[in-house]
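Here is how the chains run, residue by residue.
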Amino acid sequence: LSLRPPAPNPVVASGTRVVLTGAVRGVRGVVVQERSPGGPWKQLKARAPTAKSGAFHLAVRPKLTTDFRLATARDAAAFVRIRVEPSASNPATVG
């Protein structure tokens, strides 16, 4: 399991489209999870391996700083943080 942020991974405005890339090989039941820093993990989407490489991409539009990771029922990969710049309507997004 691996998940990577865009390179570079700058702070983005709320709702900006960000593409995460990753690979899933030899594992079933993989899901993409998300959380606000310090919050609980929530399932975002199931992820089935594609082709022999297992490579995939996923577009997200976080409204505030958000962590993403790949997980199974037994394990989880390291998370990737997408930082969203604070705004007047969303001041608690510093991360």
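Before going into details, it helps to say that this report is about the structure given with it. What you see is a predicted model, and the numbers here were worked out from it, not measured in a lab.

### A word on the nonpolar core
Phase 1 of the analysis: Counting residues in hydrophobic clusters, the biggest one holds 16 residues, and the most contacted among them are L3, L20, L70 and I82.
Phase 2 of the analysis: At the level of elements, strand 2 (18-23), strand 5 (55-60), strand 6 (66-71) and strand 7 (80-82) are the ones that each hand at least two residues to this core.
Phase 3 of the analysis: Considering every element that reaches this core, the biggest residue donor is strand 5, with three residues.

### Here we look at the sheet that holds strand 3 (residues 31-35)
Phase 1 of the analysis: Here four strands make up an open sheet; going across it, the order is 4-3-6-7 and the pairing antiparallel. Of all the strands in the sheet, just strand 4 (42-46) and strand 7 have a single pairing partner and so form its edges. Sheet twist, expressed as the mean angle between neighbouring strand axes with direction ignored, is 30°.
Phase 2 of the analysis: Inspection of the sheet shows strand 6 paired to strand 7 by three bridges, in the antiparallel sense. Across the sheet, residue D67 finds its bridge partner in strand 7, namely R81.

### Brief notes about the pairing of strand 5
Within a regular strand, side chains alternate between the sheet's two faces.
Phase 1 of the analysis: Only one face of strand 5 is buried, namely the one carrying F56, L58 and V60, since none of A55, H57 and A59 on the opposite face is buried.
Phase 2 of the analysis: Examined bridge by bridge, strand 2 and strand 5 share six bridges and lie antiparallel to one another. Paired with L20 across the strands is L58, a residue of strand 5.

Reading the values: rules and limits
Residues numbered from 1 in each chain as written. Predicted model: local features only at pLDDT ≥ 70, side-chain atom pairs only at ≥ 80, totals over all residues. Heavy atoms only, no water. Core = buried A, V, L, I, M, F, W, Y, C linked by side-chain atoms within 4.5 Å. Buried < 20%, exposed > 50% of the residue type's maximum accessible area, 1.4 Å probe, protein only. Helix = DSSP H or I, 4+ residues; strand = E, 2+ residues; numbered from the N terminus. Pairing = 2+ DSSP bridges. Axes fitted to C-alpha atoms, helices over the stretch in contact; angles between N-to-C directions.

Honestly, it's all geometry; don't read function into it.
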